[in-house]
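Observations on chain architecture
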Amino acid sequence: MADVESLGGSATTGRNGERSGRGRTTIADGVVATIAGIAIRETDGVHSVGRGASKAIGAVAGRVGGSSGGGRGVKVEVGESQTAVDVDIEVEYGIPIHELADRIRAQVTDAVETMTGLEVVEININVFDVHVPGDDSDDEESGGRTSARVQ
């Protein structure tokens, strides 16, 4: 968790428990993960964030009104004034992955630093799959039934 202090109308990051005359704001790790997750999902070329269970839970949470699954699939470490982000993503086929990674890093850095005042020192991106359009499971389209080879 990070402590952010208010000093004369501007926010600066707290250090070693120092307090200003206006009080302290604590930012939970989950808040930073949610901000980063939303920034990643809004990046063109990202098909999905997270693997396995976190990916499935995020997809369901995205369909349920009022759910905030923005941080699913995103891990963060938050210190007093800095944060690091780790994320697993599936990319759209045809997108240059190195350029996508640069855009993700820029968007996450901008969103997290703007909203929290924390310095983003590292964003590790693990591309675990490529989504090919039209390659979604045919079982989903046929209601889970496969056609017989022989009638």
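Refer to the preceding data block for the structure.
These remarks concern the structure in this document. (Residues numbered from 1 in each chain as written. Predicted model: local features only at pLDDT ≥ 70, side-chain atom pairs only at ≥ 80, totals over all residues. Heavy atoms only, no water.)

Right, let's talk about helix α1 (residues 29-41) for a bit. Over its 13 residues, α1 extends 18 Å from the first C-alpha to the last, a length consistent with the 18 Å expected when each residue adds 1.5 Å. Every buried residue belonging to α1 is among Val 32, Ala 33, Ile 35, Ala 36, Gly 37, Ala 39 and Ile 40, and all of these are buried. Where α1 is buried, its residues contact β3 (24-27), β4 (46-49), β5 (74-78), β6 (82-92) and α3 (97-116). (Helix = DSSP H or I, 4+ residues; strand = E, 2+ residues; numbered from the N terminus. Expected span 1.5 Å × (residues − 1). Buried < 20%, exposed > 50% of the residue type's maximum accessible area, 1.4 Å probe, protein only. Contact = heavy atoms within 4.5 Å.)

Our focus in this paragraph is the pattern of salt bridges. The tally for this structure, following the rule as stated, stands at 1 salt bridge. Put simply, Arg 51 and Asp 88 hold a salt bridge, and the shortest N to O gap is 3.7 Å. Placement of Arg 51 in the loop between β4 and α2 (52-63) and of Asp 88 in strand β6 is noted, with a sequence separation of 37 residues between them. Since its relative accessible area comes to 41%, Arg 51 is described here as partly exposed. (Salt bridge = Lys/Arg side-chain N within 4 Å of Asp/Glu carboxyl O.)

Mapped onto the secondary structure, Ile 125 falls in strand β7 (residues 119-131). Setting aside residues up to four positions removed in sequence, Ile 125 forms contacts with Val 87, Ile 89, Ala 101, Ile 104 and Arg 105.

Within the secondary structure layout, Thr 116 lies in helix α3. For Thr 116, a relative accessible area of 6% translates into the label buried. Here the side chain of Thr 116 touches Val 112 through a polar contact of 2.5 Å, landing on its backbone oxygen. A polar contact is formed between the side chain of Thr 116 and the backbone nitrogen of Leu 118, at a distance of 3.1 Å. (Polar contact = N/O pair within 3.5 Å; in protein donor to acceptor, adjacent residues only side chain to side chain.)

Between α1 and α3, the shortest axis-to-axis distance is 9 Å and the interhelical angle comes to 140°. With respect to their mutual orientation, α1 and α3 come out oblique. Pair α1 / α3 crosses with right-handed handedness. For the pair α1 and α3, contact is made by Val 32, Ile 35, Ala 36, Ala 39 and Ile 40 and by Ile 104, Gln 107, Val 108, Ala 111, Val 112, Met 115 and Thr 116, respectively. (Axes fitted to C-alpha atoms, helices over the stretch in contact; angles between N-to-C directions. Parallel < 35°, antiparallel > 145°, perpendicular 65-115°, else oblique. Left-handed = near helix turned anticlockwise from the far one by under 90°.)

Here we take up α3. Relative to the 28 Å expected for 20 residues at 1.5 Å per residue, α3 spans 28 Å between its end C-alpha atoms, a close match to the ideal helical length. All buried positions along α3 are accounted for by Leu 100, Ala 101, Ile 104, Val 108, Ala 111, Val 112 and Thr 116. In a view along the axis of α3, the buried residues occupy a sector of 110°, so they form one face of it. Every exposed residue of α3 that faces more than 90 degrees away from the buried side is listed here: His 98, Asp 102, Asp 110 and Thr 114. Following α3 by one or two positions, Gly 117 adopts a phi angle in the positive range, close to 80°. (Arc of directions from axis to C-beta.)

So yeah, pure geometry; function would need other evidence.
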